[in-house]
Amino acid sequence: MESLRQDLRFALRVLRKSPATTAVAILTLGIAIGATTSIFSVVSALLLKPLPFPAPERLVSVDDVQPGEGEQSEGNLSWPEFLDLRAHAPDVAGVAAYTGSTAILTGRGEPLRVVARAVSDGFFDVLGAPPVMGRAFSHEEHLKNGPRAVMATEPFWRQSLGEAPLGTTFMLDGVPHTLVGLVNPSVQAVLGGGQAFFPFEESYTSDNRGAHFFSALGRLAPGATLEKANVDLKVVAKHLADEAKAEHSAAYRPLREKLRGKAAPILALLLGAVGMVLLIAAVNLANVSLARASGRTREFAVRRALGASAWRLGRQLLIESAVLGVLGGGLGLLLSLWGRDAALRSWPSSLPDLHEAPLDARVLAFAVAVSLLTGLGIGLLPALQSSAGDLHDDLREGSGATSGKGRVRSALVVAQSALAVLLLVGAGLLVQSFSRLLHQDPGFVSEHAVSMRISLPERKYPTIEKRAQFVSDLLTRVQGLPGVRAAAASNGLPFGDHYSVGDFSVVGRPPLPEKDQPHAEKREVSPAYFTALGIPLLKGRFLQDREPVRAVVVNEALARKIFPGQDPVGQRIDGGMFPSKDTDAVIVGVVGNIKQHDLREAPSMEIDYPIDQLASPYLEVVVRAAAEPAALTGALKAQVQLVDPDLAIARIRTLNEQLDTNVGAERLSAQLLTGFSLAALLLAALGIYGVVSYGVTRREREIGVRMALGAAARDVLAMILREGLTLTLIGVGLGAVAALISARALSGFLYGISASDPLTYAGVAVILTLVATLATLLPARRATRVDPASALRAE
């Protein structure tokens, strides 16, 4: 133990002798470890941390499985499907459902829109999340005309309800609700938001098996396995589907798998990329350590001559590098706090919610392990070579193991270059993919357009006529505002989170089995919807106010697929949207395709219905302005208040902002991978410069002799450049091969470009070669200034 303390004190003295080099090494390690720890903290929070419920591994998502090729899991259930599964689902101790909702809080100042969630009876019991105060909903509160109850999250209770005592009554959507409890914060891990919670009514009247609005979850019964539960569920689901004359099925999957969404592959990509940056930094510092160890050849030889063992010398160097690792890790932990906060701020809404990424025990253990392993890795090669040279040569500081060490340093530079190529190729492909995605035509014009979300309380607007009148009054007022070119309303806008998909059939054609029935997105729109979004009319006409017939407009994708070689205008379809038994509608127009959810997707079939004949309580108002649409925000809010002072606006944002959310994950990946790649490029350049510079220093006598014998400065320059670029080109070749091998893993992130795009590979090779040339040029020019006379005198 005493010898270990001596080695530690000696290591600190050695590091203090070269403060600049030590500071640069600590800073390099700190940045690399900090970036790695920041990404890992997000990985830990989203992918590794168990759900905050009892026996979280037994929680499952209950998903609908659509019939047809591949039987793709859709996720959400219809209400009849949920009721069937709750009554008959095997191998589970309980099934519960939830869905998004909204409410307007009045009577406490300005009307406030409340983001709400509606949950089925027993929801909190299935999760194992009792309220932190008060109680959960009773069975009676789930019945029609039962007591109106509400539960709140603690932040909403404190900030908006003024910490009112349980039992206080609030006006929500114009109806008194009693506060019965505060929701456990862990519930947010499942629901991803929500300020207030309401009970579903058991008498929910929708019997539409095609309306998949409800997410469902269950808890596996004691002793049940996921595999057996899915086998049993498939049998039960088929029996239930046969009884309902449907062909849907159902499946269980771990709830965590559903909640993490598409974050897992993106985080794996980023963690791998930042890990490569850390590896490049470690290789760079290992090269520096080798150079420093070479400068201490005589010191180690003297110690060996005095009896020091190879283990003692190697341990000394390992302790020195471990100290560097610990100091760099400490700095990295501090920097990771900033990096984590930056990740939280820039986290895209298109990925699963990331509320926090704490530096908990798992993250701290990761940072400590990375710091120690990196530190020991940096010192491993110097430690192995500390006793490899000939004692007599080393005492004279001759060549000894110099050539061997030079080959190792050269191999490390090749490794750095190869890793840099791997990162640069990945970044180049992602940036080009992102650029092509941004330049995709969504089918509508997003510039100079702003959207506003409103929810109409069903108790205040219980009929279609009342809701339609509100829409008409509001649009008339908005259309009259200065600078407004067009104003329209819909129950869902492109790239929003509210839409409906359902079956439809062509009137006059033989009925099809459910698995063969076509599906289309169905929207309610006002007549100016297409003008406000800049969607072109291809055939027929747009919808009109107060259509004399039941009319719909379809998009080009539906027209081509359902009516090939025919004119769809005048054809009749049955889409089941109108509130009567007679749900046929005539097609009056065909409009251009738009991408509704993802710029990567092919346009899906779409049917647009007149909003005044359906009038959903959920509204999106879109306004096309002559100039900057953000200037209309205040005026739009004022018009809503003039029509109904008790309404609250959920959100106002431009269509560009709405479109931007769709590419948030791609933007984050491209930005971070580009940053990591630039860091790798810089480290590779420093590594090349360090090795070439050290080689020039060691060969000053040789260069002087060459010049004394007639070698020109340009010959020396060419020799040094050739040696430095040879290492780079070998690394470029190896890195390109590695990038091609790993191309399959990256292909899922790309759009419009091949993972083996030759221009990207060529561009990366040129960039790295140019950077290597600059890094080599500085020491090469220094070599040409060696004084031959001085070199000969030294010889």
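This one's a predicted model, so the numbers in the text were calculated from it and none came from an experiment.

Conventions we followed
- Residues numbered from 1 in each chain as written.
- Predicted model: local features only at pLDDT ≥ 70, side-chain atom pairs only at ≥ 80, totals over all residues.
- Heavy atoms only, no water.
- Helix = DSSP H or I, 4+ residues; strand = E, 2+ residues; numbered from the N terminus.
- Buried < 20%, exposed > 50% of the residue type's maximum accessible area, 1.4 Å probe, protein only.
- Contact = heavy atoms within 4.5 Å.
- Areas by Shrake-Rupley, 256 points an atom, 1.4 Å probe, with all protein chains shown as cover.
- Phe/Tyr/Trp six-rings, centres within 6.5 Å; stacked < 30°, edge-to-face > 60°.
- Patch = residues over 30% accessible without salt bridge, like charges linked within 9 Å, V, L, I, M, F, W, Y side chains within 5 Å.
- Salt bridge = Lys/Arg side-chain N within 4 Å of Asp/Glu carboxyl O.
- Pairing = 2+ DSSP bridges.
- Polar contact = N/O pair within 3.5 Å; in protein donor to acceptor, adjacent residues only side chain to side chain.
- Core = buried A, V, L, I, M, F, W, Y, C linked by side-chain atoms within 4.5 Å.
- Axes fitted to C-alpha atoms, helices over the stretch in contact; angles between N-to-C directions.
- Parallel < 35°, antiparallel > 145°, perpendicular 65-115°, else oblique.
- Left-handed = near helix turned anticlockwise from the far one by under 90°.

## Overview of the overall build of the protein
Within the protein, the secondary structure is distributed over 25 helices and 22 strands. Put simply, the protein has 795 residues, and 50% of those count as buried. For the protein, long-range pairs separated by at least 24 residues make up 81% of all intrachain contacts whose partners lie at least 6 apart in sequence. As displayed, the protein offers around 35300 Å² of accessible surface, 59% of which is attributable to carbon and sulfur atoms.

## Description of the packing of aromatic side chains
Scanning all chains against the criterion turns up 13 aromatic pairs. Pairwise contacts between aromatic rings join Y98, F123, F124, F137 and F197 into one cluster.

## A look at a nonpolar patch on the surface
On the surface, L27, I31 and L335 cluster together into a nonpolar patch covering about 260 Å² of accessible area. Among the secondary structure elements, L27 is positioned in helix 2 (residues 19-48).

## A few points about the pairing of strand 17 (residues 551-555)
In the case of a regular strand, side chains alternate between the two sheet surfaces. The buried count for strand 17 comes to five of five residues, which makes it a mostly enclosed element. Here strand 17 shows two buried faces, one formed by A551, V553 and N555 and the other by V552 and V554. Of the pairings in the sheet, the one linking strand 17 to strand 19 (residues 584-591) comprises five bridges and is parallel in character. In the sheet register, V553 faces strand 19, and the bridge partner there is G589.

## Comments concerning the pattern of salt bridges
For the structure on display, the rule yields 15 salt bridges. Of the charged contacts in the structure, one is a salt bridge between D232 and K228, with a shortest N-O distance of 2.8 Å. Here K228 and D232 lie together in helix 7 (residues 226-243), a separation of four residues that amounts to about one turn. For D232, a relative accessible area of 24% translates into the label partly exposed. Residue classification places K228 among the partly exposed positions, given a relative accessible area of 45%. Where E666 meets R600, a salt bridge forms, and the shortest distance between an N and an O atom there is 3.3 Å. Linking E666 in helix 20 (residues 664-698) with R600 in the loop between strand 19 and strand 20 (606-610), this pair joins segments that are 66 residues apart in sequence.

## Looking at the side chain of D63
Among the structural elements, D63 can be located in strand 1 (residues 59-65). A relative accessible area of 2% means that D63 is categorised as buried. Within polar-contact distance, the side chain of D63 engages the side chain of S61 at 2.6 Å.

## Brief notes about the nonpolar core
In this structure, V42, L46, L267, W347, F444, Y529 and I535 are the most contacted members of the largest nonpolar core, which totals 92 residues. Sort the elements by how many residues they give to this core and helix 9 (residues 263-295) lands first, with 14 residues. With residues near it in sequence (within four places) discarded, I535 still touches G443, F444, Y529, F530, F542, V591, G592 and I594. In terms of nonpolar packing, the next biggest core, distinct from the first, is built from 25 residues, L475, A487, L619 and A625 among them.

## Describing the environment of T225
The topology assignment puts T225 in the loop between strand 9 (215-220) and helix 7. The spacing of T225 and D91 is 134 residues in sequence and 8.1 Å in space, taken between C-alpha atoms.

## Quick notes on the packing of helix 20 against helix 24 (residues 758-784)
Viewed as axis vectors pointing N to C, helix 20 and helix 24 meet at an angle of 25°, and their least axial separation amounts to 9 Å. The orientation of helix 20 relative to helix 24 falls into the category roughly parallel. By crossing handedness, the relation of helix 20 to helix 24 is classed as right-handed. Listed contacts from helix 24 to L681, A685, I688, Y689, V692, S693, V696 and T697 of helix 20 are I767, L768, V771, A772, A775, T776, L778, P779, R782 and A783.

## Quick notes on the side chain of S526
Relative to the helices and strands, S526 resides in the loop between strand 15 (519-525) and helix 16 (529-533). Here S526 falls in the buried class, since its relative accessible area comes to 4%. A polar contact of 2.9 Å, which involves the side chain of S526, links it to the backbone nitrogen of A489. Beyond its immediate sequence surroundings of up to four residues, S526 is in contact with L475, A488, A489 and I611.

## Remarks on unusual backbone geometry
Positive phi, normally seen in glycine, also occurs at E163, with a value near 55°. Structurally, E163 can be placed in the loop between helix 5 (154-159) and strand 6 (169-172). A residue is classified by how much of its surface remains accessible, and E163, at 41% relative accessible area, is partly exposed.

## Details of the environment of I378
Inspection of the secondary structure puts I378 in helix 12 (residues 361-385). For the pair formed by I378 and V283, sequence separation is 95 residues and the distance between their alpha carbons is 6.9 Å. Residues within four places of I378 in sequence aside, it is in contact with L29, A282, L285, A286, S289 and S321.

## Quick look at the pairing of strand 8 (residues 196-199)
With burial as the criterion, each face of strand 8 is covered, one bearing A196 and F198 and the other bearing F197 and P199. Bridge count for strand 3 (residues 112-119) against strand 8 is four bridges, and the pairing is parallel. The residue of strand 8 that forms the bridge with A118 is F198. Note that strand 5 (residues 149-152) and strand 8 share two bridges and pair antiparallel. Opposite A152, over in strand 8, you have A196 as the bridge partner.

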